[in-house]
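Close look at the chain arrangement
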Amino acid sequence: QVQLVESGGGSVHSGGSLRVSCSASGRTWSERTMAWFRQAPGKEREFVAGINAGGTNMQYADSVRGRFIISRANGESTLYLQMNSLKPEDTAVYYCAASPYALVTAETQNYNYWGQGTQVTVSS
């Protein structure tokens, strides 16, 4: 069992930065691939970034590559997403998720634990 709680969302102007965090609990958290997804109003949930258990493999959606950085601190049971050069189209609820698989994947069905989400709003 893994419990995930996101924090750090908020409002920022275009071009600004935010860091969202995901606090995890559960014995197997550090062994799991983790990812950030987001969902904007009226749109499907989409993959943003993922990181394997060892923190050695990171994957990014094309829309955020070069602007966002995913990282994890296993000793602190925390997953991070540093978001730079934010754009209005980044506005969404951001969710962290845990997967039982070793590889980072972009499909929501491969993640079996989800947090409640944190709102990120970017104004122009």
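Because the structure is a prediction, the values reported are computed rather than measured.

Check the secondary structure of the chain and you find zero helices and 11 strands. Element order for the chain, N to C, with α for helix and β for strand: β-β-β-β-β-β-β-β-β-β-β. The globule rule puts the C-alpha radius of gyration for 124 residues at 14 Å, and the 13 Å found for the chain is close to it. C-alpha atoms of the chain, sized along the principal axes, occupy 40 × 25 × 25 Å. Burial status across the chain gives 44% buried among its 124 residues. Here the analysis covers contacts within the chain between residues at least 6 apart in sequence; of these, 59% occur between residues at least 24 apart. Approximately 6,200 Å² of the chain is accessible, and the part contributed by carbon and sulfur atoms is 47%.

Moving on, we get to the side chain of R72. On the secondary structure map, R72 appears in strand β7 (residues 68–73). The side chain of R72 is buried and forms no salt bridge, while E31, the nearest opposite charge, is found at 9.5 Å. Separated by 2.9 Å, the side chain of R72 and the backbone oxygen of N52 make a polar contact. Setting aside anything within four residues of it in sequence, one finds R72 in contact with W29, S30, R32, T33, M34, I51, N52, A53, G55, T78 and L79.

All right, on to the packing of aromatic side chains then. In this description, a pair of aromatic rings is defined by centroid distance and the angle of the planes. Summed over all chains, the structure comprises four aromatic pairs. Geometrically, the ring pair formed by F37 and Y111 is edge-to-face, given 5.1 Å between the ring centres and 75 degrees between the ring planes. Note that F37 is positioned in strand β4 (residues 33–39) and Y111 in the loop between β9 (92–99) and β10 (113–114), a separation of 74 residues in sequence. With relative accessibility at 0%, the residue F37 sits in the buried group. Between F37 and W114 the ring centres are 5.0 Å apart and the planes differ by 55 degrees, which places this aromatic pair in the tilted class.

Here we come to the nonpolar core. Residues L4, W36, L79, L81, M83 and Y94 are the most contacted members of the largest nonpolar core, which totals 29 residues. Within the second largest apolar cluster, six residues are counted, among which are A35, F47, A97 and Y111.

This next bit is on the pairing of strand β1 (residues 3–7). Only one face of β1 is covered, namely the face carrying L4 and E6; the face carrying Q3, V5 and S7 is uncovered. Two strands pair when backbone bridges link them, and β1 and strand β3 (residues 18–25) are joined in this way by five bridges, in the antiparallel orientation. Each bridged residue has a counterpart across the sheet, and for E6 the counterpart in β3 is C22.

Below, the discussion takes up unusual backbone geometry. Phi at S77 is positive, roughly 55 degrees, even though this residue is not glycine. Here S77 is to be found in the loop between β7 and β8 (78–83). Even without being glycine, S85 reaches a positive phi, approximately 50 degrees. Mapped onto the elements, S85 comes out in the loop between β8 and β9. Given the relative accessible area of 41%, S85 is considered partly exposed.

The next point concerns the sheet that holds β3. Strand order in this open sheet of four strands is β1-β3-β8-β7, and the pairing throughout is antiparallel. Edge positions in the open sheet fall to β1 and β7, since each of these has one partner strand only. In this sheet, adjacent strand axes meet at a mean angle of 15 degrees when their direction is disregarded. Bridge count for β7 against β8 is six bridges, and the pairing is antiparallel. The residue bridging I69 from the neighbouring strand is Q82, located in β8.

Reading the values: rules and limits
- Residues numbered from 1 in each chain as written.
- Predicted model: local features only at pLDDT ≥ 70, side-chain atom pairs only at ≥ 80, totals over all residues.
- Heavy atoms only, no water.
- Helix = DSSP H or I, 4+ residues; strand = E, 2+ residues; numbered from the N terminus.
- Rg over C-alpha atoms; globule rule 2.2 N^0.38 Å.
- Buried < 20%, exposed > 50% of the residue type's maximum accessible area, 1.4 Å probe, protein only.
- Contact = heavy atoms within 4.5 Å.
- Areas by Shrake-Rupley, 256 points an atom, 1.4 Å probe, with all protein chains shown as cover.
- Lys, Arg positive; Asp, Glu negative; His and termini not counted.
- Salt bridge = Lys/Arg side-chain N within 4 Å of Asp/Glu carboxyl O.
- Polar contact = N/O pair within 3.5 Å; in protein donor to acceptor, adjacent residues only side chain to side chain.
- Phe/Tyr/Trp six-rings, centres within 6.5 Å; stacked < 30°, edge-to-face > 60°.
- Core = buried A, V, L, I, M, F, W, Y, C linked by side-chain atoms within 4.5 Å.
- Pairing = 2+ DSSP bridges.
- Axes fitted to C-alpha atoms, helices over the stretch in contact; angles between N-to-C directions.

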